[in-house]
Amino acid sequence: MYPVAGGRRAGIVPVHVAIIMDGNGRWAASRGLPLLAGHRAGAEAVQRCIRAAVAAGVKWLTLYAFSSENWRRTPQEVADLTSLLRYYLRYKVAELAAKGVRIRIIGDLSRFAPDVRAEARRAEMETASNTVLTVVLALSYGGRADIVQAALRMAKAIDAGTLAASQVDEDTFGGFLMTADMPDPDIVVRTSGESRLSNFLLWQSAYAELIFIETLWPDFDAGHFDAVLQIYSRRERRFGARPV
Ligand code: IPE
Ligand code: IPE
Ligand code: MG
């Protein structure tokens, strides 16, 4: 599960970049625009970011689009975000599919309207065989909820006799998480100057390099993406071992 200590790896491209896309509200407020304009501009930044990830040769890009706590926002904002998501899944996925992007979704989709769930499943199915880059959309996702659902399913497997308690280790447990077949993120980026994880990939980011940047998400572009990869390549990853 933990790779060997790598030391500095100038020019080495991370396999998996995960991003907490934050700052849409402040971006809109600073321009005197409605919140929805900030979220729309955020969706455009998503397309730029995906193009940059493809160009850089990153294989996995996980985007925190809606947290399990974001349901606490006003009904109007939740409705606006849901509409944007529906539009994105319906009309923007084709452009990604043409670039060889595969879409995966993690989170509690059952909380979305049936038509949004159907669009999400369709996007996954239509892109399932693409191999250039996997974009994982975290929708109604919470790290703690992910850990709890994994523990519950693992307990049921033990109850049913398909898994022995003595077989349980970190890899076994990881196999019950929503991210089961994904590598752990090498980098977790958060935009907008906030320095917290806000319940994102708690288990999976155990050894991720955390990179916090001031840019508001709607301003994020290929230059920011490349700057993040630069910062990463200067970091020394040890995974607990003595650096060589
Ligand atoms: C991130 O931007 C988008 C979502 C959480 C859906 P915010 O809407 O949180 O933007 P700020 O933090 O209010 O600026
Ligand atoms: C985290 O941002 C969730 C997403 C970016 C989807 P929030 O803006 O919701 O997080 P807090 O409330 O500032 O911690
Ligand atoms: Mg925010």
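Residues numbered from 1 in each chain as written. Chains lettered and ligands numbered in written order. Predicted model: local features only at pLDDT ≥ 70, side-chain atom pairs only at ≥ 80, totals over all residues. Heavy atoms only, no water.

Going by what an unreviewed UniProt entry lists, the protein chain is known as Isoprenyl transferase and is assigned to Novacetimonas maltaceti. Word for word, the UniProt comment on the protein chain under Subunit (unreviewed entry) is "Homodimer." Its UniProt record, at the heading Sequence similarities (unreviewed entry), says of the protein chain: "Belongs to the UPP synthase family." (UniProt positions renumbered as here; feature names shortened; annotations may be inferred.)

> Any details on the packing of aromatic side chains? Residues and values, ideally.
Aromatic ring pairs: the centre-centre distance and the angle between the two ring planes describe each pair. Under the criterion given, the structure shown has 10 aromatic pairs. Both rings, one in Y64 and one in F200, keep their centres 4.3 Å apart while their planes meet at 15°; by these two values the pair is stacked. Taken together, the positions of Y64 in strand β3 (residues 60–67) and F200 in the loop between β6 (187–190) and β7 (209–212) put the pair 136 residues apart, joining distant regions of the chain. With a relative accessible area of 6%, Y64 lands in the buried category. Between Y207 and F239, the ring centres sit 5.3 Å apart and the planes meet at 50°, which makes this aromatic pair tilted. Taken as a pair, Y207 in the loop between β6 and β7 and F239 in the segment after β8 (236–237) lie far apart in primary sequence, 32 residues in all. Using a relative accessible area of 36% as the deciding quantity, one classes Y207 as partly exposed. A network of ring pairs unites the aromatic residues Y64, Y141 and F200 as a single cluster. (Phe/Tyr/Trp six-rings, centres within 6.5 Å; stacked < 30°, edge-to-face > 60°. Helix = DSSP H or I, 4+ residues; strand = E, 2+ residues; numbered from the N terminus. Buried < 20%, exposed > 50% of the residue type's maximum accessible area, 1.4 Å probe, protein only.)

> Tell me what's going on with the site of ligand 2, and back it up with residues and numbers.
Residues in close proximity to ligand 2 include I20, M21, D22, Y64, A65, F66, S67, N70, R73, R190, R196 and S198, which together make up its full environment. The side chain of R73 places a nitrogen or oxygen atom 3.2 Å from an oxygen atom of ligand 2. Take R196: an N or O atom from its side chain is 2.8 Å from an oxygen atom of ligand 2. The protein chains hide 77% of the 390 Å² of surface that ligand 2 would expose on its own. (Near = heavy atom within 4 Å. Polar contact = N/O pair within 3.5 Å; in protein donor to acceptor, adjacent residues only side chain to side chain. Areas by Shrake-Rupley, 256 points an atom, 1.4 Å probe, with all protein chains shown as cover.)

> Help me get a handle on the pairing of strand β5 (residues 133–141), residues and values and all.
The element β5 is largely enclosed, with a buried count of 9 among its 9 residues. Inspection of the sheet shows strand β4 (residues 101–106) paired to β5 by 6 bridges, in the parallel sense. Each residue of the ladder has a partner; that of I105, found in β5, is L137. (Pairing = 2+ DSSP bridges.)

> Talk me through the site of ligand 1; I want residue IDs and the actual numbers.
With respect to spatial proximity, the complete set of residues near ligand 1 consists of M21, D22, G23, N24, G25, R26, H39, A65, N70, R73 and L81. Here G25 contributes a backbone N or O atom positioned 2.9 Å from an oxygen atom of ligand 1. One nitrogen or oxygen atom from the side chain of R73 is found 2.7 Å from an oxygen atom belonging to ligand 1. Burial of ligand 1 by the surrounding chains reaches 82%, relative to a free accessible area of 380 Å². The pocket occupied by ligand 1, as judged from atoms lying within 2 Å of grid points, is the largest pocket. The biggest single contributor to the shell around ligand 1 is helix α1 (residues 24–30), with 3 residues. Residues that form the shell around ligand 1 fall into these classes: 3 nonpolar, 5 polar and 3 charged. (1 Å grid on protein atoms, 1.4 Å probe; cavity = no way out; pocket = protein on both sides within 12 Å on 5 of 7 lines; lining within 4 Å. Sits in = over half its atoms within 2 Å of the grid points. Nonpolar A, V, L, I, M, F, W, Y, C, P; charged D, E, K, R; others polar.)

> Describe the layout of surface pockets, naming the residues involved and giving the relevant values.
Considered as a void within the structure, the largest pocket measures approximately 730 Å³ in volume. Lining the largest pocket are 32 residues, with M21, N24, Y64, A65 and L81 positioned closest to its centre. Those elements that place two or more of their residues in the lining of the largest pocket are α1, α2 (35–56), β3, α3 (75–91) and β5. Considering each element in turn, the lining of the largest pocket owes the most residues, 6 residues, to α3. In terms of residue class, the lining of the largest pocket is built from 16 nonpolar, 9 polar and 7 charged. (Points joined across faces, edges and corners; volume = space filled by probe spheres on them.)

> An account of the environment of G175 is requested, with residue identities and associated values reported.
Note that G175 resides in the loop between α7 (170–174) and β6. It is 30 Å that separates the C-alpha atoms of G175 and R90, two residues lying 85 residues apart in sequence.

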